[in-house]
Amino acid sequence: MANLMQDKKKQIIALAVLGVFLLILPFAAGALGQAWVRILNVTLLYVMLALGLNVVVGVAGLLDLGYVAFYAVGAYTWSLLASPHFNIHMPFWILLPLGAFLAALAGLLLGTPVLKLRGDYLAIVTLGFGEIVRILMNNFDKVGLPWSETTYNITNGPRGLTGIDPLTFFGFKLNEGMNLFGLPISGLQLYYFVFLALTVLSVIGVSRLQHSRLGRAWQALREDEIAAKAMGINTRNIKLAAFAFGALTGGLAGGLFASMQGFVSPESFGLLESVMILAMVVLGGMGHIPGVILGAVLLSAMPEVIRYVADENKQEAVFGMVLVAPEVLRNLIFSLAMILIMLLKPAGLWPSPEKK
Amino acid sequence: MADMLFVAEGVTKRFGGVTALDNVSMSIRRSSIFGLIGPNGAGKTTFFNTLTGLYQVDEGKFTFDDKPLNVKAPHEVAQVGIARTFQNIRLFGEMSVLENVMVGRHVRTKAGAFGAIFRTPAARREEAEITQRAHELLEYIGLSKRAGDKSRTLAYGEQRRLEIARALATDPKMIALDEPAAGMNATETVVLRQLIERIASDGTTVMLIEHDMRLVMNVCQHIAVLDYGRKIADGSPSEIQKDAAVIKAYLGGAHEPQGVK
């Protein structure tokens, strides 16, 4: 019992340290340059995405290669309803839930036809779904009706949408930054805190789900579908629930992405993006939330760090010439890391513990 | 409340030209241990699969607990009160021993996503009940010490027992054990036998599909024998042991076995 109390105490201290670290982090990054704050923000978005995909792939065991579609749904919901494109400017407290809701709906839309598919077949169909969403965004700039000549520009096609509204609280635009008792906080830093808050909420929500009756049913489904059915689990319903909840998180992250960037285009939602998010889940440790967060942080921050640390100038300074283009180096290290993980830690960097 | 918990009447199942089950009838008394035996390919598993909703019967009907048993999907069977174990163990390997049993409570509980995310009092109460019941069942099968381990780390005999605990967690009226003694050594079989007897004496009817004749003859009160999809005998262990048709089916008679012509 004393041991348990001590563990609890240690946990609280660790959480407090982590909390302080996360609060100071954007200012430390800001001292190096606002670009670093942006990297932090993107990392937080990836953490959310990885958490959402983890529900589908890691917990319920449904391989989804089109996850970025839900991110796109969230981003486009925000962009279309809060930009000069249609001249609609809805507030964030409608848009964020709406984006998440529409993404969840898209999740159900994808989930329904693939209920009976598993493994590779499921992966192929979800991959197709992801591409369909991206191609729709790409081509919905000339939507015509069979009985009329006029076309409607819904998504502005490959040119994307610009001038998207930033997060705005009671008329205060977050991207403008503020001055808090003499402490200047940039717009990106303010975004960081909003993203951090929503990431923490996602972590809490997802981990509570995972450790609930529904979460156990998902894991049972992943481990053995036939046995799960014999235990009276309606696998159809819980599969749909997994797709919907995974998509919900993705949609939320999508809306936040659009509000921060001020610009979205179909290019941001390609297959490679889905693969990246999946790689985060797999690299970190499928089904284990701390592992998934670690995977997301590593994979989203690492390429950026490499980009800065090994750029042309620095390579010239050290080697007298540019050995590898940073972009190539990034992919090289990436692939190498994935292969090493596969060989050395097939369960991921931080898999769920053997004993609970 | 009728004496019989489960009644099958004239059940027939065909796969194309093959009649896998031919007019099979049997009834199982409440709180008894019922054995279903037969040589390989006799139709035991087919019978089991029709009963558990994996296949739909072509003719005949089942009655369970005084109501027609009419399951359209496998997950409805647990709801009705029939739990099963699998011939080739099907545990949730990456989940802990305790969680495996907790999954069994799924069908008797109802907390949803909302309750989980917001930790509503109802959901927390239910979760506490699930955990407590799961611990009781682990105690029952003697696996309390391993509660936190992943179930795939258990020894073979322990995995079999855990499957039984998981099935019992669904509060079944009848538990169907598909070859639980397969691959077990003599000691493990003795432990299993005691467990089966305890389950029946605690009021849960047991349907045992088994190849281990010693176990079946020792533990069952009533036995039905299938061969080539037909029921060839039905009675107490001593009657079955003396039955000419059964002996012929298992050992081969002077004539060709039935069904092969």
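Residues numbered from 1 in each chain as written. Chains lettered and ligands numbered in written order. Predicted model: local features only at pLDDT ≥ 70, side-chain atom pairs only at ≥ 80, totals over all residues.

A. The arrangement of the sheet that holds strand β1 (residues 4-15) of chain B in detail. All names here are of chain B. Taking strand neighbours across the sheet as the criterion, the four strands line up as β2-β1-β4-β5 in an open arrangement whose pairing is antiparallel. At either end of the open sheet lies a strand with only one pairing partner, and these are β2 (18-29) and β5 (67-69). Each strand axis lies, on average, 25° off the axis of its neighbour in the sheet, ignoring direction. Running at roughly 70° to β2, helix α1 (residues 44-51) makes contact with β1, β2 and β4 (59-64) of the sheet. (Pairing = 2+ DSSP bridges. Helix = DSSP H or I, 4+ residues; strand = E, 2+ residues; numbered from the N terminus. Axes fitted to C-alpha atoms, helices over the stretch in contact; angles between N-to-C directions. Contact = placed C-beta atoms within 7 Å.)

B. Representation of helix α2 (residues 34-59) of chain A. Across its 26 residues, α2 of chain A extends 36 Å between first and last C-alpha, which sits within 8% of the 38 Å expected from 1.5 Å per residue. Gly61 of chain A, located one to two residues past α2 of chain A, shows a positive phi value of around 70°. (Expected span 1.5 Å × (residues − 1).)

C. Local environment of the sheet that holds strand β10 (residues 230-235) of chain B. Residue and element names in this part refer to chain B. Strand order in the open sheet made by the six strands is β6-β7-β8-β3-β9-β10, with mixed pairing throughout. The outermost strands of the open sheet, each flanked by one partner alone, are β6 (82-84) and β10. Recorded for the sheet is a direction-independent mean angle of 20° between the axes of neighbouring strands. Inspection of the sheet shows β6 paired to strand β7 (residues 174-178) by three bridges, in the parallel sense. Its bridge partner being in β7, Ala83 is matched across the sheet by Ile175. Each of β3 (33-37), β7 and β8 (205-209) is contacted by helix α7 (residues 186-201), which is oriented at about 145° to β8, the strand it contacts most.

D. Main features of unusual backbone geometry. Residues and elements named next belong to chain B. The residue Ser31 is not glycine, and still its phi comes out positive at about 60°. Here Ser31 is to be found in the loop between β2 and β3. Of note in this structure, Asp65 is not a glycine but carries a positive phi near 55°. In this structure, Asp65 sits in the loop between β4 and β5. C-beta crowding within 10 Å serves as the criterion here: with 17 such atoms nearby, Asp65 is assigned to the partly exposed category. (Buried ≥ 20, exposed ≤ 12 C-beta atoms within 10 Å, placed from the backbone.)

E. View of the interface of chain B and chain A. Facing the 30 residues of chain B at the interface are 26 residues of chain A. Among the elements of the structure, α2 (75-80), α3 (97-104) and α4 (113-118) of chain B are those that each provide at least two residues to the side of chain B that touches chain A. At four residues, the largest contribution of residues to the side of chain B that touches chain A is made by α3 of chain B.

F. The arrangement of the nonpolar core in detail. Judged by nonpolar contacts, the single largest core of 172 residues is most densely connected at Ala50 of chain A together with Leu208 of chain B. The biggest single contributor to this core is α2 of chain A, with 17 residues. Ignoring any residue separated from it by four or fewer positions in sequence, one finds Ala50 of chain A in contact with Ile277, Met280, Val281, Val292, Gly295 and Ala296 of chain A. (Core = buried A, V, L, I, M, F, W, Y, C linked by C-beta atoms within 7 Å.)

G. Representation of the packing of α3 of chain B against helix α6 (residues 156-168) of chain B in the model. All names here are of chain B. Contact pair α3 / α6: the axes reach a minimum separation of 7 Å and the direction vectors enclose 35°. The element α3 and its partner α6 pack so that their crossing is right-handed. Contact residues: Val97, Asn100, Val101, Val103 and Gly104 in α3; Leu162, Ala165, Arg166 and Ala167 in α6. Here the residues of the contact of α3 with α6 sort into six nonpolar, two polar and one charged. (Left-handed = near helix turned anticlockwise from the far one by under 90°. Nonpolar A, V, L, I, M, F, W, Y, C, P; charged D, E, K, R; others polar.)

H. Expanded view of helix α4 (residues 92-111) of chain A. All names here are of chain A. Its 20 residues give α4 an end-to-end C-alpha distance of 28 Å, which sits within 8% of 28 Å, the value for a rise of 1.5 Å per residue. Taken together, the buried positions of α4 are occupied by Phe92, Leu95, Leu96, Gly99, Ala100, Leu102, Ala103, Ala104, Ala106, Gly107, Leu110 and Gly111. Packing partners of the buried residues in α4 comprise α3 (68-81), β1 (82-83), α5 (119-139), β6 (168-169) and α9 (235-261).

I. Geometry of the packing of α3 of chain A against α5 of chain A. All names here are of chain A. With their axes 8 Å apart at the nearest point, α3 and α5 run at an angle of 30° to one another. Of the possible angle classes, the one that applies to α3 and α5 is roughly parallel. Contacts between α3 and α5 pair Val68, Ala69, Ala72, Val73 and Tyr76 from the former with Phe129, Gly130, Val133, Arg134 and Met137 from the latter. Grouping the constituent residues of the contact of α3 with α5 by class yields eight nonpolar, one polar and one charged. (Parallel < 35°, antiparallel > 145°, perpendicular 65-115°, else oblique.)

J. Structural context of the confidence of the model for chain B. For chain B, per-residue confidence averages 91 on the pLDDT scale, and residues scoring 70 or more make up 96% of the total. At the level of chain-chain contacts, confidence expressed as ipTM amounts to 0.90, with global pTM at 0.91. (pLDDT = per-residue confidence, 0-100.)

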